[in-house]
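# Structural overview
Here are the chains, one letter per residue:
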Amino acid sequence: MDKTQSTNSDSKTKNHGVEQVLNQQVANLNVLYVKLHNYHWYVKGDNFFSLHSKFEELYDEVTLKMDEVAERLLAIKGKPAATMKEYLELATIQEAAGNEDNRGMVQKLIEDFATLSEELQEGIEVAEKAEDMPTTDMLTGFKTDFEKHMWMLRSFLGK
């Protein structure tokens, strides 16, 4: 095997890890998108107006992020997951149970953002190892956003 073939093989192996990270996040963001819609539609009570608006703001943001991740996958010649079946198989966060009260909805989102932040940190490390700085930058920005959301949602709960 010549040096060019070895380099191409190494590049494919590095990209494979980045593709796995990105596909897991495409799946998570799609599950989160559906969950946020569930919460948006079924929130009730004293905090209806603030939470209804917040959940809409979050699902709009998640829509942009899922598209950015899928397009990054395509840019590196990957193939983004694109079916509910794939999302549910790849996602590490769960769908809404459907019986959460307002505080339960907010708590679940805090937990989801924490899970995503931890996985994004792992993804950042994978992307850095693959010398994929655009992916590293994108994931770092997402992690920053999710950490801010956790802080705000914890504050909403008085934590």
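Residues numbered from 1 in each chain as written. Predicted model: local features only at pLDDT ≥ 70, side-chain atom pairs only at ≥ 80, totals over all residues. Heavy atoms only, no water.

The grouping of V34, M84 and L88 at the surface amounts to a nonpolar patch, some 250 Å² of accessible area in total. Residue placement: V34 occurs in helix 1 (residues 3-42). Note on V34: relative accessible area 37%, which makes it partly exposed. (Patch = residues over 30% accessible without salt bridge, like charges linked within 9 Å, V, L, I, M, F, W, Y side chains within 5 Å. Areas by Shrake-Rupley, 256 points an atom, 1.4 Å probe, with all protein chains shown as cover. Salt bridge = Lys/Arg side-chain N within 4 Å of Asp/Glu carboxyl O. Helix = DSSP H or I, 4+ residues; strand = E, 2+ residues; numbered from the N terminus. Buried < 20%, exposed > 50% of the residue type's maximum accessible area, 1.4 Å probe, protein only.)

Inspection of the secondary structure assignment puts A91 in the loop between helix 3 (84-90) and helix 4 (102-129). Residues A91 and Q25, 66 residues apart in the sequence, show an inter-C-alpha distance of 7.4 Å. When residues no more than four places from it in sequence are discounted, the contact partners of A91 are A27, N28 and V31. (Contact = heavy atoms within 4.5 Å.)

Let us look at the pattern of salt bridges. Scanning all chains against the criterion turns up eight salt bridges. One connected set of salt bridges, linked through shared partners, spans E61, K65 and D145.

Here the focus is the nonpolar core. L22, L32, L36, F55, L109 and F113 are the most contacted members of the largest nonpolar core, which totals 42 residues. Where this core is concerned, the elements lending two or more residues are helix 1, helix 2 (48-75), helix 4 and helix 5 (133-156). With ten residues, the single largest contributor to this core is helix 1. If near-sequence neighbours (up to four positions away) are discounted, F113 is found in contact with L32, L58, F146, H149, M150 and L153. (Core = buried A, V, L, I, M, F, W, Y, C linked by side-chain atoms within 4.5 Å.)

Note: most peptide bonds trans; most residues except glycine with negative phi. In the Ramachandran plot, K77 falls in the positive-phi region, its phi being about 70° despite a non-glycine side chain. On the secondary structure map, K77 appears in the loop between helix 2 and helix 3.

A cluster of acidic side chains, namely E118, E122, E125 and E128, defines a negative patch on the protein surface. With respect to the helices and strands, the residue E128 is situated in helix 4. (Lys, Arg positive; Asp, Glu negative; His and termini not counted. Charge placed at Lys NZ, Arg CZ, Asp CG, Glu CD.)

Okay, the packing of helix 2 against helix 4 next. For any two helices packed against each other, the geometry is given by the interaxial angle and the distance between the axes. Remark: helix 2 packs on helix 4, axes separated minimally by 12 Å, with the N-to-C direction vectors making an angle of 25°. Compared by their axis directions, helix 2 and helix 4 come out roughly parallel. At the point where helix 2 passes helix 4, the crossing takes the left-handed sense. Note on element contacts: helix 4 touches helix 2 through N102, M105, V106, L109 and F113, opposite L51, F55 and L58. (Axes fitted to C-alpha atoms, helices over the stretch in contact; angles between N-to-C directions. Parallel < 35°, antiparallel > 145°, perpendicular 65-115°, else oblique. Left-handed = near helix turned anticlockwise from the far one by under 90°.)

On to the packing of helix 2 against helix 5, then. Interhelical geometry of helix 2 versus helix 5 gives an angle of 165° and a closest axis separation of 12 Å. By the angle class used here, helix 2 and helix 5 are roughly antiparallel. Handedness of the crossing formed by helix 2 with helix 5: left-handed. When helix 2 is examined against helix 5, the residues S50, L51, K54, L58, E61, K65, E68, V69 and R72 are found in contact with a partner set consisting of P134, T135, M138, F142, D145, F146, H149, M152 and F156. Partitioned by chemical class, the residues of the contact of helix 2 with helix 5 number nine nonpolar, three polar and six charged. (Nonpolar A, V, L, I, M, F, W, Y, C, P; charged D, E, K, R; others polar.)

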